[in-house]
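Report on the structure
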Amino acid sequence: MSKNVRVRFAPSPTGPLHIGGVRTALFNYLYAKKHNGTFILRIEDTDQTRYVEGAEDYIVNALTWCNIPFDEGPDKNEKFGPYRQSERKHLYKQYADQLIASGNAYYAFDTSEELDYHRADHESKGKTFIYNWHNRLKLSNSLSLTEEAVQEKLKAGDDYVIRFKSPQDETLHLKDIIRGEIKIDTNVLDDKVLFKSDGMPTYHLANIVDDHLMEISHVIRGEEWLPSLALHMQLYTAFGWEAPQFAHLPLILKPTGKGKLSKRDGDKLGFPVFPLEWHPEEGDPAKGYKEEGYFSDAVINFLAFLGWNPGTEQELFNIEALTQAFDLERVNKAGARFDPR
Ligand code: GLU
């Protein structure tokens, strides 16, 4: 591999870090260390409505307790910083503008009431409303309106969003290290919002711009982000940037194997689903492995086996041994059942 390995763990500080998040961080860490690369922590806090006080500290403390320190991140080795997206706010608009100029994005002025109306109307006919090639010219945007009307709206300070213009009749061939090739018909994709008139980018735009600017070589993240891959790859193409390689880790399932592991499962079955204890503003505290008396080595050892196996009989690994043995090629596609007993 010619490129330096640079991977990132990019949590949103919306609450305590679930062990699924710790596993994502761990696999990024192991991959970086195995390839003499760099492990980066980036805080994705552009959605201020979901921001939870103390969550960023919790993330940092959890990584520290688990013994998987980051090389670059908030307040540490800030070569490509800042590493909090809220401190990078000023950066993103120019990239949205660039996509408008190149014809890959457009302004949309539809109000939420109008969009709600279309959604309800479609639903009543048993259909789903998707904002894309098949109806965008009938909606209120810079593709359907005259240039003058658009300028007037912008000058008047009307609310707008910037949407990606997803192409019609194309097949995308996406690659994932764990899942192989995935084909997507662009006709089923919607024109995702990239930028909002409050001056904030959405997750998609900020994530791609930052991965590019931070020279990320591999994106290793949970399977729940797989549906975003089509848009993300199209954004790299639209910007003319080289895309990183992608690996989507399998979901962590309930002990029964049915459905995603949740905090409630932990409460019900009496085991923590968080590395450290968490005291929410309201409600009961959530248990953590640390306070329950587990060694972090043991937690890391069982997390590594959630979706990965070394291909041998060996079951006990410390972090150094994991670094040696770890390989993304040995990560499974199928969901990993969480059974701490
Ligand atoms: N902010 C996203 C999260 O909360 C990051 C997803 C990604 O790694 O691209 O998991």
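Below is a summary of the structure that appears in this document. The structure displayed is predicted, hence computed values, not measured ones.

Focus on the overall build of the protein
Looking only at helices and strands, one finds 10 helices and 11 strands in the protein. Whereas a compact globule of 341 residues would reach a radius of gyration of roughly 20 Å, the protein reaches 22 Å, a difference of no more than 12%. Counting only C-alpha atoms, the protein reaches 65 × 50 × 40 Å along its principal axes. The buried share of the protein, reckoned over its 341 residues, is 47%. Intrachain contacts of the protein at a sequence separation of at least 6 include 70% that bridge at least 24 residues. Carbon and sulfur atoms form 48% of the exposed surface of the protein, whose accessible area is close to 17,100 Å². Looking at the protein, you have 41 positive and 52 negative side-chain charges, and the mean spots of the two groups are 4 Å apart.

A short note on the environment of K287
Along the chain, the position of K287 falls in the loop between α8 (263-269) and α9 (296-304). Sequence separation between K287 and V273 is 14 residues, and the spatial gap between their C-alpha atoms is 7.6 Å.

A few points about the side chain of H204
As for its position among the elements, H204 is in helix α6 (residues 203-213). H204 gets classed as buried once you look at its relative accessible area, which sits at 11%.

With respect to the layout of surface pockets
By volume, the second largest pocket is sized at about 270 Å³. As for the second largest pocket, its lining consists of 18 residues, of which F302, F305, L306, R337 and D339 are closest to the centre. Counting residues per element, the ones that place at least two in the lining of the second largest pocket are α9 and β11 (336-337). Counting residues per element, the lining of the second largest pocket draws most heavily on α9, at three residues. Per-class residue counts for the lining of the second largest pocket are 12 nonpolar, three polar and three charged.

Quick notes on the pattern of salt bridges
Counted by the stated rule, this structure contains 21 salt bridges. The residue R42 makes a salt bridge to D211 at a minimum N-O spacing of 2.9 Å. Separated by 169 residues along the polypeptide, R42 in the loop between β2 (38-41) and α2 (55-65) and D211 in helix α6 bring together distant segments of the chain. One salt bridge in this structure joins K192 and D190, with 2.8 Å as the shortest N-O distance. By relative accessible area, which is 31% here, K192 ends up partly exposed. Linked by salt bridges that have partners in common, R8, R42, E44, R88, D210 and D211 make up one network.

Overview of the environment of A247
With respect to the secondary-structure elements, A247 resides in strand β9 (residues 245-249). Spatially, the C-alpha atoms of A247 and G180 are 9.4 Å apart, while their sequence positions differ by 67 residues. Each residue touching A247, except ones within four places of it in the same chain, is listed here: D176, I177, I178, V219, I220, R221 and L328.

Things to note about the site of the ligand
With respect to spatial proximity, the complete set of residues near the ligand consists of R8, A10, S12, E44, Y203, N207, R221 and W225. Taking E44, its side chain carries an N or O atom lying 2.7 Å from a nitrogen atom of the ligand. In isolation the ligand has 300 Å² of accessible area, and contact with the protein removes 84% of it. Residues of the shell around the ligand, tallied by class, amount to three nonpolar, two polar and three charged.

Considerations on α6
Within α6, nine of the 11 residues are buried, leaving the element largely enclosed by the surrounding structure. Every buried residue of α6 is listed here: Y203, H204, L205, A206, N207, I208, V209, D210 and D211. Lining the buried residues of α6 we find β1 (6-9), α3 (89-101), β7 (193-196), β8 (218-222) and α7 (229-239). One or two residues past the end of α6 sits E215, with phi positive at roughly 55°.

Here is what the cut-offs are and how they apply
- Residues numbered from 1 in each chain as written.
- Predicted model: local features only at pLDDT ≥ 70, side-chain atom pairs only at ≥ 80, totals over all residues.
- Heavy atoms only, no water.
- Helix = DSSP H or I, 4+ residues; strand = E, 2+ residues; numbered from the N terminus.
- Rg over C-alpha atoms; globule rule 2.2 N^0.38 Å.
- Buried < 20%, exposed > 50% of the residue type's maximum accessible area, 1.4 Å probe, protein only.
- Contact = heavy atoms within 4.5 Å.
- Areas by Shrake-Rupley, 256 points an atom, 1.4 Å probe, with all protein chains shown as cover.
- Lys, Arg positive; Asp, Glu negative; His and termini not counted.
- Charge placed at Lys NZ, Arg CZ, Asp CG, Glu CD.
- 1 Å grid on protein atoms, 1.4 Å probe; cavity = no way out; pocket = protein on both sides within 12 Å on 5 of 7 lines; lining within 4 Å.
- Points joined across faces, edges and corners; volume = space filled by probe spheres on them.
- Nonpolar A, V, L, I, M, F, W, Y, C, P; charged D, E, K, R; others polar.
- Salt bridge = Lys/Arg side-chain N within 4 Å of Asp/Glu carboxyl O.
- Near = heavy atom within 4 Å.
- Polar contact = N/O pair within 3.5 Å; in protein donor to acceptor, adjacent residues only side chain to side chain.

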